[in-house]
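Notes for the structure review
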Amino acid sequence: MLLFKIRKINEMIGMKVQLRVIGFLIGILGGSFFKGAVVLAADAHPTNRIPLLRAADNEYAIGSPQADVALVEYGSLTCHVCSEFYRNVLPQLLKDFKGRIKVIVRPLPFNALDVNAALIILHSKDPHKLALAFYQEQEKLSTNDQLGALKKIALEQGMSIKEIDDSLNDEALKNSLFARWKILNATSAPLFVIGKTIFPGLPNYESYFKPALAKIIAYKDAGHSINDFNVLQVMNHETQKAS
């Protein structure tokens, strides 16, 4: 059994949350439900609620503004699993849950390239479009001149040299990204949060993630708060019964 600690979250409107997630090694029933993480969340105990619906300077939203459920993704621009989610899973997720779920993207930096990419993305006019371009060109960022490669992609997406340089010099934004990494104490990405449920890693979309999200929507439609619902407990119980 592994212990994944999230010490506290103090983002947006000053609310603090302490979360402790007890994890189990992945690879149950002969298959892997999650990619990009070494633990499977079994329980979470927030002492307060995570505010999800208001975008801040160090995050951006994708999907319908009228969507009543927010899925938060903590992702790294140098993470291959994050790239898989962003390029392949996210479009299908937004299609399947159109008008119901929006995605709040919170960059989670693990290295200098992550930080610089996040700064440029968050200063761009269309963060989603630029992030997608970075993910699509991820292999080109494996060069000795990583910053030059980032700038080239940003220029191709319509940013000016001044806009790029100004974004890289935003020390306040940079500090907030470092603070996020320190607060989460994360060692891998992606990490997804929706209400009380935490997905540390990317679940298989069709067999796990999509059914889990559908259960969360159904729980909300029944008049309950998703902040009181950990869908992983339900999914794990159903898996155990089926076996």
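Note on numbering: residues in each chain are counted from 1, in written sequence order. Where local features are concerned, this predicted model is filtered to residues with pLDDT of at least 70; where side-chain atom pairs are given and counted, the filter is 80 or more; whole-chain, interface and lining totals use all residues. Only hydrogens and water are set aside; all other atoms, that is, all heavy atoms of the structure, feed into the side-chain values.

**Let's talk about the overall build of the protein**
Think of it this way: any DSSP run of H or I at least four residues long counts as a helix, any run of E at least two long counts as a strand, and we number them from the N terminus. When helices and strands are tallied, the protein shows eight helices and ten strands. Contacts between residues were defined by any pair of non-hydrogen atoms, one from each residue, lying within 4.5 Å. Contacts spanning at least 24 positions in sequence make up 71% of the contacts within the protein whose residues lie at least 6 apart. Summed over its atoms, the accessible surface of the protein is roughly 11700 Å², and 52% of this surface lies on carbon and sulfur atoms. Per-residue and other accessible areas were derived by the Shrake-Rupley procedure at a 1.4 Å probe size, with only the shown protein chains allowed to occlude residues.

**What about helix α5 (residues 161-168)?**
The rule is simple: take the accessible area with a 1.4 Å probe, protein chains only, and divide by the maximum for that residue type; under 20% is buried, over 50% is exposed, in between is partly exposed. Restricting attention to buried positions, one finds in α5 the residues I164, S167 and L168. Seen along its axis, α5 keeps its buried residues to an arc of 100 degrees; they face one direction. Where α5 is buried, its residues touch α2 (112-123), α4 (146-156) and α6 (171-184). Here the arc refers to the set of directions running from the helix axis out to each C-beta atom.

**A look at the sheet that holds strand β9 (residues 197-200)**
Each strand in a sheet pairs with its neighbour through backbone hydrogen bonds, running either in the same direction (parallel) or in the opposite one (antiparallel). Two strands qualify as a pair provided DSSP detects at least 2 bridges between them. An order of β5-β7-β6-β8-β9 is seen for the five strands of this open sheet, with the pairing classed as mixed. At either margin of the open sheet sits one strand with a lone partner, and together these are β5 (60-62) and β9. Neighbouring strand axes in the sheet, compared pairwise and without regard to direction, differ in orientation by 20 degrees on average. For strand β6 (residues 69-75) and strand β8 (residues 191-194), the ladder comprises three bridges, and the chain directions are antiparallel. Whenever a helix is involved, its axis is fitted only over the stretch in contact; in every case the axis is a line through C-alpha atoms, and angles between N-to-C directions fall within 0 to 180 degrees.

**Some remarks on the packing of aromatic side chains**
Geometry of an aromatic ring pair is reported as the spacing of the ring centres plus the angle between the planes. Any two of the Phe, Tyr and Trp rings considered here, Trp counted by its six-membered ring, make a pair once their centres fall within 6.5 Å; the pair's planes then place it as stacked at under 30 degrees, edge-to-face at over 60, or tilted in between. For the structure on display, the rule yields five aromatic pairs. Geometrically, the ring pair formed by F199 and F209 is edge-to-face, given 4.9 Å between the ring centres and 65 degrees between the ring planes. In this pair, F199 is assigned in strand β9 and F209 in helix α7 (residues 205-221), connecting sequence segments ten residues apart. Each of the two residues, F199 as well as F209, counts as buried.

**Some thoughts on empty space enclosed by the protein**
Cavity and pocket criteria rest on a 1 Å grid covering protein atoms alone: a 1.4 Å probe that fits but cannot get out defines a cavity, protein on both sides within 12 Å along at least 5 of 7 lines defines an open pocket, and an atom within 4 Å of a point defines a lining residue. Grid points are joined across faces, edges and corners, and a volume is the space filled by probe spheres set on the points. Applying the stated criterion to the full structure yields three cavities of 30 Å³ or more. Reported here for the largest cavity is a volume of approximately 50 Å³. If you trace the largest cavity, you find it lined by Y60, E73, G75, L77, Y86, V105, P107, A131 and Y135. Put simply, the parts of the chain that give the lining of the largest cavity at least two residues each are β6, β7 (101-107) and α3 (127-136). Any residue that is not Ala, Val, Leu, Ile, Met, Phe, Trp, Tyr, Cys, Pro, Asp, Glu, Lys or Arg is counted as polar, Gly included; the first ten are nonpolar and the last four charged. Considering only residue class, the lining of the largest cavity consists of seven nonpolar, one polar and one charged.

**Quick notes on the pattern of salt bridges**
For this analysis, a salt bridge means a side-chain nitrogen from Lys or Arg found within 4 Å of a carboxyl oxygen belonging to Asp or Glu. Taken as a whole and assessed by the stated rule, the structure comprises eleven salt bridges. A salt bridge links R100 to D68; its shortest N-O distance comes to 3.2 Å. A residue pair is termed long-range when its members are at least 10 positions apart, and R100 in the loop between α1 (80-96) and β7 and D68 in the loop between β5 and β6 qualify at 32 residues. In this structure, D221 engages R100 in a salt bridge whose closest nitrogen and oxygen atoms are separated by 2.8 Å. One end of the pair, D221, is in helix α7; the other, R100, is in the loop between α1 and β7, with 121 residues separating them in the sequence. One network of salt bridges, in which partners are shared, links D68, R100 and D221.

**Concerning the confidence of the model for the protein**
A score from 0 to 100, pLDDT tells how confident the predictor is in each residue. Within the protein, residue pLDDT values average 80, and 77% of them lie at 70 or more. Note that residues 1-34 has pLDDT below 50 and, in this model, 111 contacts with residues that lie over four places away or in other chains. Segment residues 36-55 is flagged for pLDDT under 50; beyond a separation of four residues in sequence, or across chains, it makes 84 contacts in the model.

**Notes on the nonpolar core**
We call a set of buried residues a nonpolar core when its members are Ala, Val, Leu, Ile, Met, Phe, Trp, Tyr or Cys and they connect through side-chain atoms within 4.5 Å of each other. Among the nonpolar cores identified, the biggest contains 58 residues, and L93, I120, F134, F199 and F209 are the most heavily contacted of them. Setting aside its immediate chain neighbours within four residues, F209 contacts L71, F85, L93, F192, F199, L202, P203 and N204. In terms of nonpolar packing, the next biggest core, distinct from the first, is built from ten residues, A70, Y74, I104 and I198 among them.

**Some details on the packing of α1 against α3**
A pair of packed helices is captured by two measures, namely the crossing angle of their axes and the spacing between those axes. It is the contact of α1 with α3, at a shortest axis distance of 9 Å, that shows an interaxial angle of 120 degrees. Relative to α3, the element α1 is oriented oblique. Pair α1 / α3 crosses with left-handed handedness. Mapping the contact onto sequence places C82, S83, Y86, R87 and L90 in α1 and P127, H128, A131, L132, Y135 and Q136 in α3. Along the lines of polarity and charge, the residues of the contact of α1 with α3 split into seven nonpolar, three polar and one charged. In these notes the angle categories are as follows: under 35 degrees is roughly parallel, over 145 is roughly antiparallel, 65 to 115 is roughly perpendicular, and the rest is oblique. Crossing handedness is read from the near helix: turned anticlockwise from the far helix by less than a right angle, it gives a left-handed crossing, and turned clockwise, a right-handed one.

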